[in-house]
Amino acid sequence: MGRALMTRVGLLVAAAGLLLAATGCTSLQGTGDKGFVTGGGAVKQIAPADRGEPVTLEGSDLDGKPLSLATSRSKPTVVNVWGSWCTSCRAEAPFLVAAQKQLGDTARFVGIDVRDPGTSQAKAYEAHFGTTWPSYYSPSGKALLAFRGVLTPNTIPATLVLDARGRVAASVIGEVPSALTLVQLVQDAGSDG
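Now for a description of the structure that goes with this document. (Residues numbered from 1 in each chain as written. Predicted model: local features only at pLDDT ≥ 70, side-chain atom pairs only at ≥ 80, totals over all residues. Heavy atoms only, no water.)

### Some remarks on the overall build of the protein
Rules: A helix here means a DSSP run of H or I that spans at least four residues, while a strand means a run of E at least two residues long, and both kinds are numbered starting from the N terminus. Any residue under 20% of the maximum accessible area for its type is buried, any over 50% is exposed, and the rest in between are partly exposed; the area is computed with a 1.4 Å probe on protein chains only. Contacts were defined at the residue level, with two residues in contact if any of their heavy atoms lie within 4.5 Å. The accessible surface values rely on the Shrake-Rupley method and a 1.4 Å probe; as for residues, cover is taken only from the protein chains in view.
Along its length, the protein carries four helices and eight strands. Beginning at the N terminus, the succession of helices and strands in the protein can be written as α-β-β-β-β-α-β-α-β-β-β-α. Burial status across the protein gives 40% buried among its 193 residues. The long-range share in the protein, meaning contacts at least 24 apart out of those at least 6 apart in sequence, stands at 73%. Summed over all atoms, the accessible surface of the protein reaches about 9,900 Å², with 58% contributed by carbon and sulfur.

This is the structure we're talking about:
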């Protein structure tokens with residue numbers, strides 16, 4: 001390849017990078033100063049034979065009381081990763097609340113609050129959106145390590161559906177697209193688990 005052609009290719013690559021940056025199409029789109037990568041609401045279901053071991057997670061809720069995923073066994077459990085500062089989390093919150101109301105006692109819901117500097121912001125978020133389920137308080141994001149291979153410590157928002165045995169049956173990386181989507185994922189996990 002000639003020097004002039006290499007220079008033109010280099011300039012085209014640089015121009016494309018600038019164009020992407022100018023339009024906001026980067027891998028860190030929507031992360032603000034928190035350094036999180038948001039997904040596009042990608043839904044993935046896992047066949048029962050391909051599900052891993054039951055997820056174990058112990059921690060404290062927003063009031064400092066003990067919280068354990070083990071108490072959620074016997075029913076599908078929705079695990080939502082959120083933060084009060086996350087605009088995508090705010091956008092999906094009404095879908096989560098609607099799904100929880102529709103599912104009633106056929107499923108359990110639990111949240112994981114990450115990167116909030118204190119619980120007052122998280123509690124205000126829950127009051128605003130009317131979430132009634134408990135949330136782990138994990139300002140460092142350490143609670144996400146329980147979901148290795150499915151989530152990274154930088155994945156937010158994310159919603160997982162655990163089957164009745166506590167295994168990951170489905171994931172939505174990014175905003176939940178609708179309450180109906182989440183309800184169907186929970187119903188599928190309940191029939192498979």
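We are not done yet, so read on.
### Quick look at helix H2 (residues 87-103)
Residues lying three or four places apart along an α-helix face the same way, a consequence of the helix completing one turn every 3.6 residues. Basically, it comes down to this: In a helix, the anticipated span is given by 1.5 Å times the number of residues less one. Think of it this way: the bend at a residue is just the angle between two axes, each fitted to seven residues, one set ending at that residue and the other starting at it.
Over its 17 residues, H2 runs 25 Å from end to end, which matches the ideal 24 Å to within 8%, given 1.5 Å per residue. Where H2 bends most, the angle comes to about 35°, and this point is Ala 93, followed within four residues by the proline Pro 94. Listed in full, the buried residues belonging to H2 are Ser 88, Cys 89, Glu 92, Ala 93, Leu 96, Val 97, Ala 99 and Leu 103. Once H2 ends, the next one or two residues include Gly 104, with phi positive near 55°.

### Here's the deal with the packing of aromatic side chains
Rules: For this analysis, a ring pair means two rings from Phe, Tyr or Trp (six-membered ring only for Trp) whose centres lie within 6.5 Å, classed as stacked if their planes differ by under 30 degrees, edge-to-face if by over 60, and tilted for the remaining angles.
This structure, assessed with the given rule, holds three aromatic pairs. Pairing Trp 82 with Tyr 125 gives two aromatic rings, centres 4.4 Å apart and planes at 10°, and the pair type is stacked. With Trp 82 in strand S4 (residues 77-82) and Tyr 125 in helix H3 (residues 119-129), this pair connects stretches of sequence that are 43 residues apart. Since its relative accessible area comes to 3%, Trp 82 is described here as buried. Note on Phe 109 and Trp 133: the rings are 5.0 Å apart at their centroids and 40° apart in plane angle, and the pair reads as tilted. On the criterion of sequence distance, the pair formed by Phe 109 in strand S5 (residues 108-114) and Trp 133 in the loop between H3 and strand S6 (135-138) is long-range, its members being 24 residues apart. On the basis of relative accessibility, which here comes to 8%, the residue Trp 133 falls in the buried class. Three or more aromatic residues joined by ring pairs make a cluster, and in this case those are Trp 82, Tyr 125 and Phe 129.

### Observations concerning empty space enclosed by the protein
Left-over empty space is what a probe sized like a water molecule reveals as it rolls over the atoms. Stated formally: For each structure, a 1 Å grid was placed over the protein atoms alone; sets of points admitting a 1.4 Å probe that cannot get out are labelled cavities, open sets with protein on both sides within 12 Å along at least five of seven lines are labelled pockets, and lining residues have an atom within 4 Å of a point. Grid points are joined across faces, edges and corners, and a volume is the space filled by probe spheres set on the points. Three residue categories are used. Nonpolar comprises Ala, Val, Leu, Ile, Met, Phe, Trp, Tyr, Cys and Pro, charged comprises Asp, Glu, Lys and Arg, and polar comprises the others, including Gly.
Applying the stated criterion across every chain yields a total of three cavities of 30 Å³ or more. Considering only enclosed or pocket space, the largest cavity measures out at about 70 Å³ in volume. If you go around the largest cavity, the residues you meet are Asn 80, Trp 82, Ala 93, Leu 96, Val 97, Tyr 125, Glu 126, Thr 131, Trp 133 and Ser 135. Of all the secondary-structure elements, those providing two or more residues to the lining of the largest cavity are S4, H2 and H3. At three residues, the largest contribution of residues to the lining of the largest cavity is made by H2. Grouping the constituent residues of the lining of the largest cavity by class yields six nonpolar, three polar and one charged.

### Here we look at unusual backbone geometry
Outside of glycine, negative phi angles account for most residues, and trans bonds account for most peptide bonds. A cis geometry characterises the amide bond from Ile 156 onward to Pro 157, with omega recorded as -10°. Even without being glycine, Ser 74 reaches a positive phi, approximately 95°. Relative to the assigned elements, Ser 74 resides in the loop between strand S3 (66-68) and S4. Despite not being glycine, Arg 115 shows a phi value in the positive range, around 65°.

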